[in-house]
Amino acid sequence: MDVTRRTLLRGISAAPLAAAAGGLVLPSTAHAASSEAASEFRVKMRDRPKRQVGYTYPEAIAGLARALPAAPLVAEVLRNADRKAVVNHRWPAGGKPDRLKYSFGWDPDTSDGTTPAWYPQGISTSYDAYHGPIPGTNTEPEKRAVLVSWYGKGMNAWRGARITFVDVTVPSRPRYRHVLLVEPLKRLGQPNDFRPVKAHAGGLAWYGDRLYLADSANGGLRVFNINQMFRVSASGLAAAGYCGYHRGDKKYYAWGYQYVLPQSRAYDNAGANLRYSQVAVDHTTPQPSLLVNEYFGGGSTRCIRWNMNSSTSSITSEEAVEERSFERANVQGVVSVNGSYYFSVSKGSNPGHLYRCPRGSFEKPKKHGKLSIGPEDLSYDGDRNGIWSLGEHPRRRAVYVVGR
């Protein structure tokens, strides 16, 4: 069973935060036409694998809880961050984003910034997860975190997807740790087990006690309960080359990672065809909402919105409440802030751009500033009045905030 919002907040901070407010009404800013079109886009929640099995994800996770050490909370993962990010790293000539407020690069003593085996994609922050009913009032927590999703690329795709937890509480000293995403398994007569989550991990939204991961290949969102992480063996003969329960020594491994986060549910596409490429949280609507957008190399992009329940961190209903289309290709991420849409557009090996379009306006989106080379997902941060993004290409992987 999901913990309450307040229990979750105690895990990341000694000081409790105000829970996000919001009833079950539709956003008042949604136009009737867009709402009618949005009803064609629906999701269906499931709590078990698509193939026929005799267990649910919660049952399988409960089995892992009996077999593994007590699940760590976010605060523990941040305290045990084992890698150091570099603040104000060197930008390539002409590659520095406009309105840059803050940035960091991955640990130079590791291959995180250069490896072609893992590609960073999605981004979300503790502002998305915990901020209160009034935008910009997230000042109480002792810990601030940025989360980044990665997917295994090419020959490394079989390793699945991971989430990086970055502690930016002290902006001059960011620290981070990778956590592997897994799908829990429960086979008759076998030990509880898990396997890697194989998804593009193109977008990430952290809302309350849940992470929403865009899964474009399978048409929907994978969901992970942030309070259900587990500690596994990170050393031993099978550590680097095995994931799951190892019969030889009866230990659990995850390619050498110390922590795993199992999938707890999913939302599958159940309506009009939609490519779930990226996902973001919007706290500036009357009711908190989740925004999904598509990536296409040509033509326009669509943005679909679902309302969220601030008490359960879940989508309130199967039908979407708003649909918007933009005449722009190569859209990598979208956020909506106080009635305006902002989206990142990539341009190959050249710097990408941030575009802006007012809600309700059908004018052509206008450039709002230059981003990094290979910009990906976006996340709005009301504390900084800025927008987070990140670069995906090796040696061009800065994580940064630009002013709005």
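None of the values given here were measured: they were computed from a predicted structure.

When its secondary structure is counted, the protein chain shows five helices and 28 strands. Per-residue burial over the protein chain gives 58% buried out of 404 residues. Sequence-distant contacts, at least 24 apart, represent 62% of the contacts inside the protein chain between residues at least 6 apart. Carbon and sulfur atoms provide 50% of the accessible area of the protein chain, an area that totals close to 16,000 Å².

To continue, consider the sheet that holds strand β24 (residues 350-358). Read across the open sheet, the four strands follow the order β22-β23-β24-β25; overall the sheet is antiparallel. Each having just a single partner strand, β22 (331-337) and β25 (366-373) make up the two edges of the open sheet. Mean inter-strand twist for the sheet, computed between neighbouring axes without regard to direction, equals 25°. With five bridges joining them, β24 and β25 adopt antiparallel strand pairing. When the sheet's bridge partners are listed, L354 is paired in β25 with G369.

A word on the packing of aromatic side chains. Following the criterion strictly, the structure yields 17 aromatic pairs and no others. Summarising the aromatic geometry, the rings of Y130 and W206 are spaced 5.3 Å apart at their centres and angled 70° between planes, so their arrangement reads as edge-to-face. Linking Y130 in helix α5 (residues 126-130) with W206 in strand β10 (residues 204-207), this pair joins segments that are 76 residues apart in sequence. Judged by centre distance (5.0 Å) and plane angle (35°), the ring pair of F326 and F343 falls under tilted. Taken together, the residues F326 in strand β21 (residues 322-326) and F343 in strand β23 (residues 340-347) connect sequence positions 17 residues apart.

Attention now goes to helix α3 (residues 57-67). Within α3, the full set of buried residues consists of Y57, A60, I61, G63 and L64. Taken around the axis of α3, the buried residues stretch over an arc of 155°, which confines them to a single face.

What follows is about the sheet that holds strand β27 (residues 386-390). Within the open sheet, the five strands sit side by side as β3-β4-β28-β27-β26. Their pairing is antiparallel. Each edge of the sheet is formed by a strand with only one pairing partner; in this case those strands are β3 (86-87) and β26 (379-381).

Looking at the secondary structure, you find S103 in strand β4 (residues 100-105). Judged by relative accessible area, S103 falls into the buried class, the value being 2%. Not counting the four nearest positions on each side in its chain, S103 is found in contact with V86, V87, N88, H89, W91, V399 and Y400.

Within the largest apolar cluster, 31 residues are counted, with the highest numbers of intra-cluster contacts made by F104, W106, L180, F194, V260 and W388. By size, the runner-up hydrophobic cluster in this structure holds 26 residues, among which are Y151, A161, V197 and W206.

We now examine the pattern of salt bridges. Per the stated rule, a full pass over the model turns up 16 salt bridges. Across the pair R231 and E76 runs a salt bridge whose closest N-O atoms are separated by 2.4 Å. On the criterion of sequence distance, the pair formed by R231 in strand β13 (residues 230-231) and E76 in helix α4 (residues 74-79) is long-range, its members being 155 residues apart. Using a relative accessible area of 18% as the deciding quantity, one classes E76 as buried. One salt bridge connects D167 with K143, and the closest N-O pair in it is separated by 2.9 Å. Of the two residues, D167 is situated in strand β7 (residues 161-167) and K143 in the loop between α5 and β6 (145-152); the sequence distance between them amounts to 24 residues. In this structure K143 comes out as partly exposed when scored by relative accessible area, which is 23%. It is possible to trace a salt-bridge network through shared partners that takes in R83, D112 and R162.

The next subject is unusual backbone geometry. The phi dihedral of A201 is positive, around 55°, even though this residue is not glycine. Position of A201 among the secondary structure elements: in the loop between β9 (193-196) and β10. A relative accessible area of 0% means that A201 is categorised as buried.

Turning our eyes to something else, we now look at the pairing of strand β28 (residues 399-403). Buried residues dominate β28, accounting for five of its five residues. Along β28, one buried face is formed by V399, V401 and G403 and the opposite face, lined by Y400 and V402, is buried too. As paired strands, β4 and β28 are joined by four bridges and run antiparallel to one another. Bridge pairing links S103 to Y400 in β28. Where β27 lies against β28, five bridges are found, and the strand directions are antiparallel. Residue G386 lies in a different strand from β28, and its bridge partner there is G403.

The rules behind these values
- Along every chain, residues carry numbers that run from 1 in the direction the sequence is written.
- Since the coordinates come from a predicted model, pLDDT governs what is reported: local features require at least 70, and pairs of side-chain atoms require 80 or more to be given and counted, while whole-chain, interface and lining totals use all residues.
- Side-chain measures were taken over the full set of non-hydrogen atoms in the model, leaving aside hydrogen atoms and water.
- To qualify as a helix, a DSSP run of H or I must reach at least 4 residues; to qualify as a strand, a run of E must reach at least 2; elements of each kind are numbered from the N terminus.
- Each residue is placed in one exposure class: buried if its accessible area under a 1.4 Å probe, protein chains only, is under 20% of its type's maximum, exposed if it is over 50%, and partly exposed if it falls in between.
- The contact criterion used throughout is that any non-hydrogen atoms of two residues lie within 4.5 Å.
- All accessible-area figures derive from a Shrake-Rupley calculation using a 1.4 Å probe, and residue coverage is judged against the displayed protein chains alone.
- For two strands to count as paired, DSSP must find a minimum of two bridges between them.
- A fitted line through C-alpha atoms represents every axis, and for helices the fit uses only the stretch in contact; the resulting angles, taken between N-to-C directions, go from 0 to 180 degrees.
- A pair of aromatic rings is counted whenever rings of Phe, Tyr or Trp (Trp by its six-membered ring) have centres within 6.5 Å, and the orientation is called stacked for planes under 30 degrees apart, edge-to-face for over 60 and tilted otherwise.
- Here the arc refers to the set of directions running from the helix axis out to each C-beta atom.
- By nonpolar core we mean a set of buried residues, namely Ala, Val, Leu, Ile, Met, Phe, Trp, Tyr and Cys, connected to one another through side-chain atoms within 4.5 Å.
- Here, a salt bridge means any side-chain nitrogen of Lys or Arg that lies within 4 Å of a carboxyl oxygen of Asp or Glu.

All quantities given are derived from atomic positions and should not be read as evidence of function.
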